[in-house]
Number of protein chains: 2
Amino acid sequence: MSTAPAPRREIPDATVARLPVYLRVLRTLLADGVDVVSSEELAEAAGVRSAGLRRDLSYLGSYGVRGVGYDVARLADEIARELGLTQDRFVAIVGMGNLGHALAAYSGFATRGFEVRWLVDNDPAIVGTQIAERCVVALEELTRQDPDGLIVVIATPPAQAQDVADAVVAMGVRSILNFAPCVLTVPDGVEVRKVDLATELQILAFHEQRGRDDLREVNP
Amino acid sequence: MSTAPAPRREIPDATVARLPVYLRVLRTLLADGVDVVSSEELAEAAGVRSAGLRRDLSYLGSYGVRGVGYDVARLADEIARELGLTQDRFVAIVGMGNLGHALAAYSGFATRGFEVRWLVDNDPAIVGTQIAERCVVALEELTRQDPDGLIVVIATPPAQAQDVADAVVAMGVRSILNFAPCVLTVPDGVEVRKVDLATELQILAFHEQRGRDDLREVNP
DNA sequence: AGGCGCTTGTGAACACCGGCACAAAGTCGC
DNA sequence: GCGACTTTGTGCCGGTGTTCACAAGCGCCT
Ligand SMILES: NC(=O)c1ccc[n+]([C@@H]2O[C@H](COP(=O)([O-])OP(=O)(O)OC[C@H]3O[C@@H](n4cnc5c(N)ncnc54)[C@H](O)[C@@H]3O)[C@@H](O)[C@H]2O)c1
Ligand SMILES: NC(=O)c1ccc[n+]([C@@H]2O[C@H](COP(=O)([O-])OP(=O)(O)OC[C@H]3O[C@@H](n4cnc5c(N)ncnc54)[C@H](O)[C@@H]3O)[C@@H](O)[C@H]2O)c1
């Protein structure tokens, strides 16, 4: 039998989804001069339970000190490394409409380690113009670039989103963040995450209605 | 004394999160003149497995016809009812910066049954101006309104998000959609959902790195 | 040095969720 | 009217995620 020399730590998806939150809180603490934090305090600040937090962190290794807590700088580095933020990551925003403009002006990309390198649109009136001190290029221009480490953000109308996805997948992109309210079909090995505003609102509406029904149940 | 601390949930959260997708697909089908759809076709269009789709729909009741499929209009109505979209829902957008402008101009609210009724900012230079044919009001103005059926979208910088949340919770709002990258603390009974761009990108970065590691393992 | 108090890391139990496979239940053709 | 065909609704199971509870480990104080 093959000896499993590298105990490949498979980190659960649910944990991966929380690591960015921990990282953000840790960097805030670091900026405030805090150098050690307990799981209880960190969990409070991250809005999770301490037991869950400790289990999440245990997937990264044993970076805590019993009786003391976690070294803030060390833990932040470990999470950043695990998330793949040690190497440079680039972002291309496709679709320079209302949303694309807001995204292009958003400073949160740079502060989290993502460089917005390309702004893309296919409207001839927009291509070549400057947005947020950056030149807008055509989609054909983007597809000639190196896809390594590139994340494509789709902010086109839903009818064009699949075409854009097909084009960037063909160039080798394997990470897509989709703002268009539609289902994207991509080959295996390509990861799509979606941000759907209407879905979020409808989930909120559901819970609000359920809350009201619960009240009626007790107080008819 | 206090019994049943865990509220018996009729519909699982995972199902609720998918219902809006089904609803969107169903309305597209309806617009295309399709009046009956099988679980296989609907699942394909929604990007899920047919068995899972059928289980999701089974929580709403038995609205399908064996051997035939689901009546598109009927099913759309049932989902809309379950999501609480039969009663009017209103949205207030707080923070009229880059993102707030894009949201105010977004037509997707209205087409999904949400009326953007208030645009809010606390910058005196912005209050009173018109954005997307709507007048911007101060936060104090919003907090005097009826919170029933109101969903508050927070698009302020993170440092002000908690204050805004506190203010709208105090007026009785129980549903908040938070775009600011920070943890909001709210009382029980108030639901907060967050949209965090950097988190999404970092999750994508993690998977992209993991994919590359997997390749190295096979091809060093 | 050794005990004591604090916090981590984790075993175990439990709840949840997704997928398979199939019986039940309906339609359609004749 | 009836059998063949189609599709739904669900029992079941394995995998995932969450929580409790506590032993193990570390530093500090005496
Ligand atoms: N505006 C918002 O606040 C908001 C919020 C959530 C989701 N969305 C979604 O985001 C998407 C964009 O919204 P918007 O309001 O910015 O729309 P918009 O119409 O203002 O902008 C769309 C832009 O995409 C460009 N485009 C179209 N096809 C393209 C292609 N094939 N390649 C490159 N560029 C292309 C157009 O030229 C246009 O500039 C939509 O799908 C919308 O549903 C928007
Ligand atoms: N711009 C984007 O694409 C984007 C994307 C994701 C997340 N975000 C987040 O969304 C938030 C807004 O981003 P932005 O780029 O629009 O920022 P911005 O600075 O352009 O706008 C913030 C607005 O909020 C207003 N504001 C501040 N405090 C307020 C208060 N107490 N009550 C009411 N209004 C208040 C300000 O007057 C300003 O108009 C930020 O938290 C940002 O991190 C933005």
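In what follows, the structure referred to is the one given above.
(A) The site of ligand 1, seen in detail. Neighbouring residues of ligand 1: 23 residues in total, closest Asn98(A), Leu99(A), Asp121(A), Ala155(A) and Thr156(A). In this structure ligand 1 sits where residues from chains A and B come together. Within the backbone of Asn98(A), a nitrogen or oxygen atom sits 3.0 Å from an oxygen atom of ligand 1. Contacts to ligand 1 include Leu103(B), whose backbone N or O atom sits 3.4 Å from an oxygen atom. In isolation ligand 1 offers 820 Å² of accessible surface; the protein chains occlude 83% of this area. Elements with a contribution of two residues or more to the shell around ligand 1: helix 5 (98-105) and helix 8 (158-171) of chain A together with helix 5 (98-104) of chain B. The element contributing the most residues to the shell around ligand 1 is helix 8 of chain A, with three residues. Taken together, the residues that form the shell around ligand 1 break down as 15 nonpolar, six polar and two charged.

(B) Structural detail: the packing of helix 2 (residues 39-46) of chain B against helix 3 (residues 50-58) of chain B. Residues and elements named next belong to chain B. Running from N to C, helix 2 and helix 3 point in directions that differ by 105°, and their axes come no closer than 8 Å. If you check the angle between helix 2 and helix 3, you find them roughly perpendicular. Two secondary-structure elements touch here, helix 2 through Ser39, Glu40, Leu42 and Ala43 and helix 3 through Ser50, Leu53 and Arg54. Grouping the amino acids of the contact of helix 2 with helix 3 by side-chain chemistry returns three nonpolar, two polar and two charged.

(C) Summary view of the protein's contact with DNA strand C. Around DNA strand C lies a shell of 25 residues, among which Ser39(A), Arg54(A), Arg55(A), Tyr70(A) and Arg66(B) are the nearest. The sugar-phosphate backbone supplies 60% of the atoms of DNA strand C found within 4 Å of the protein. Between DNA strand C and Tyr70(A), the relevant distance is 2.6 Å, taken from a phosphate oxygen to a side-chain nitrogen or oxygen of the residue. Contact distances for DNA strand C include 2.9 Å between a base oxygen and a side-chain N or O atom of Arg55(B). Elements supplying a minimum of two residues to the surface near DNA strand C: helix 3 (50-58), strand 2 (64-65) and strand 3 (69-71) of chain A together with helix 1 (13-31) and helix 3 of chain B.

(D) Here's a closer look at the sheet that holds strand 2 (residues 64-65) of chain B. Residues and elements named next belong to chain B. Across the sheet, three strands lie side by side as 1-3-2; this open sheet has antiparallel pairing. Among the strands making up the open sheet, the edge pair consists of strand 1 (36-37) and strand 2. Bridge count for strand 2 against strand 3 (residues 69-71) is two bridges, and the pairing is antiparallel. By the bridge assignment, valine 65 is partnered in strand 3 with glycine 69. Strands in contact with helix 4 (residues 72-82) are strand 1 and strand 3; relative to strand 3, the strand with the most contacts, it is inclined by about 70°.

(E) A look at the sheet that holds strand 1 (residues 36-37) of chain A. All names here are of chain A. Overall, antiparallel pairing links the three strands, which are arranged 1-3-2 in an open sheet. Only two strands of the sheet have a single partner each, and these edge strands are strand 1 and strand 2. On the sheet, helix 4 (residues 72-82) packs against strand 1 and strand 3 and is oriented at approximately 70° with respect to strand 3.

(F) Up close: the protein's contact with DNA strand D. Around DNA strand D sit 26 residues, and of these Arg66(A), Ser39(B), Arg54(B), Arg55(B) and Tyr70(B) come closest. Arg66(B) is positioned such that a nitrogen or oxygen atom in its side chain is 3.0 Å from a base oxygen of DNA strand D. Gly67(B) is positioned such that a nitrogen or oxygen atom in its backbone is 3.0 Å from a sugar or linking oxygen of DNA strand D. Counting only elements with at least two residues in the surface near DNA strand D, the list comes to helix 1 (13-31) and helix 3 of chain A together with helix 3, strand 2 and strand 3 of chain B.

(G) Examining the relation of the copies chain B and chain A more closely. Each copy of the sequence occupies a distinct position, and chain B is placed on chain A by a rotation of 180° and an axial shift of 0.0 Å, giving an RMSD of 0.1 Å. Here the symmetry operator amounts to a two-fold rotation axis. Across chain B, the rotation axis passes nearest the C-alpha of Ala102(B), at a separation of 3.3 Å. Taken together, the interface assignments show that 94% of the residues at the interface of chain B recur at the interface of chain A, consistent with an identical surface on both copies.

(H) Representation of the interface of chain B and chain A within the structure. In this complex, chain B contributes 66 residues to the contact, which on the side of chain A involves 63 residues. Area buried by chain B at its contact with chain A is led by Gln202(B), Leu204(B) and Glu208(B), which between them contribute 12% of it. There are four salt bridges connecting chain B and chain A. Counting across the interface, chain B meets chain A through 18 residue pairs in polar contact (both at pLDDT 80 or more). Broken down by element, the residue count for the side of chain B that touches chain A peaks at 19 residues, all from helix 9 (residues 197-218) of chain B. Taken together, the residues of the side of chain B that touches chain A break down into 36 nonpolar, eleven polar and 19 charged.

(I) Broad picture of helix 3 of chain B. All names here are of chain B. Burial in helix 3 covers these residues: Ser50, Leu53, Asp56 and Leu57. One face of helix 3 carries all of its buried residues, which in axial projection span an arc of 120°. Lining the buried residues of helix 3 we find helix 1, helix 2, strand 3 and helix 4.

(J) Inspection of the site of ligand 2 at higher detail. Around ligand 2 sit 23 residues, and of these Asn98(B), Leu99(B), Asp121(B), Ala155(B) and Thr156(B) come closest. Of the chains in the model, those with residues near ligand 2 are chains A and B. Here Asp121(B) contributes a side-chain N or O atom positioned 2.5 Å from an oxygen atom of ligand 2. Alone, ligand 2 offers 830 Å² of accessible surface; in the complex the protein occludes 83% of this. Listed by contribution, the elements that provide at least two residues to the shell around ligand 2 are helix 5 of chain A together with helix 5 and helix 8 (158-170) of chain B. The element best represented in the shell around ligand 2 is helix 8 of chain B, accounting for three residues. Looking at the shell around ligand 2, its residues break down into 15 nonpolar, six polar and two charged.

Procedures and definitions
The residue numbers shown here count from 1 along each chain, following its written sequence. By the order in which they are written, chains take letters starting at A while ligands take numbers starting at 1. Reporting in this predicted model follows two pLDDT cut-offs: at least 70 for local features of residues, and 80 or more for side-chain atom pairs to be given and counted; totals over whole chains, interfaces and linings ignore these cut-offs and use all residues. Excluded from the side-chain calculation are hydrogens and water; included are all heavy atoms of the structure. We call a residue near a molecule or strand as soon as one heavy atom of that residue lies within 4 Å of the molecule or strand. Pairing of N or O atoms within 3.5 Å defines a polar contact, subject to two protein rules: one partner must be a possible hydrogen donor and the other a possible acceptor, and residues neighboring in sequence count only if both atoms are side-chain atoms. The Shrake-Rupley method, run with a 1.4 Å probe sphere, supplies the accessible areas, and residue values consider only the shown protein chains as cover. Counting from the N terminus, the helices are the DSSP runs of H or I reaching at least four residues and the strands are the DSSP runs of E reaching at least two. By the convention adopted, Pro, Cys, Tyr, Trp, Phe, Met, Ile, Leu, Val and Ala count as nonpolar, Lys, Arg, Asp and Glu as charged, and the other residues, Gly among them, as polar. The axes are straight lines fitted to the C-alpha atoms, using for helices just the contacting stretch, and the angles between their N-to-C directions are given from 0 to 180°. The cut-offs work like this: below 35 degrees is roughly parallel, past 145 is roughly antiparallel, 65 to 115 is roughly perpendicular, and the gaps in between are oblique. We call two residues in contact when some of their heavy atoms are within 4.5 Å. By definition, two strands form a pair when at least two bridges between them are found by DSSP. Alignment of copies: least-squares fit on C-alpha atoms of residues with pLDDT of at least 70 in both copies. Buried area adds together the accessible area that both of two parts lose upon being put together, with accessible area traced by a 1.4 Å probe. Any Lys or Arg side-chain nitrogen found within 4 Å of a carboxyl oxygen on Asp or Glu counts as a salt bridge. For every residue, the accessible area obtained with a 1.4 Å probe (protein chains only) is divided by the maximum for its type, and the residue is called buried under 20%, exposed over 50%, and partly exposed between those limits. Working note: the arc is built from the helix axis to C-beta atom directions.

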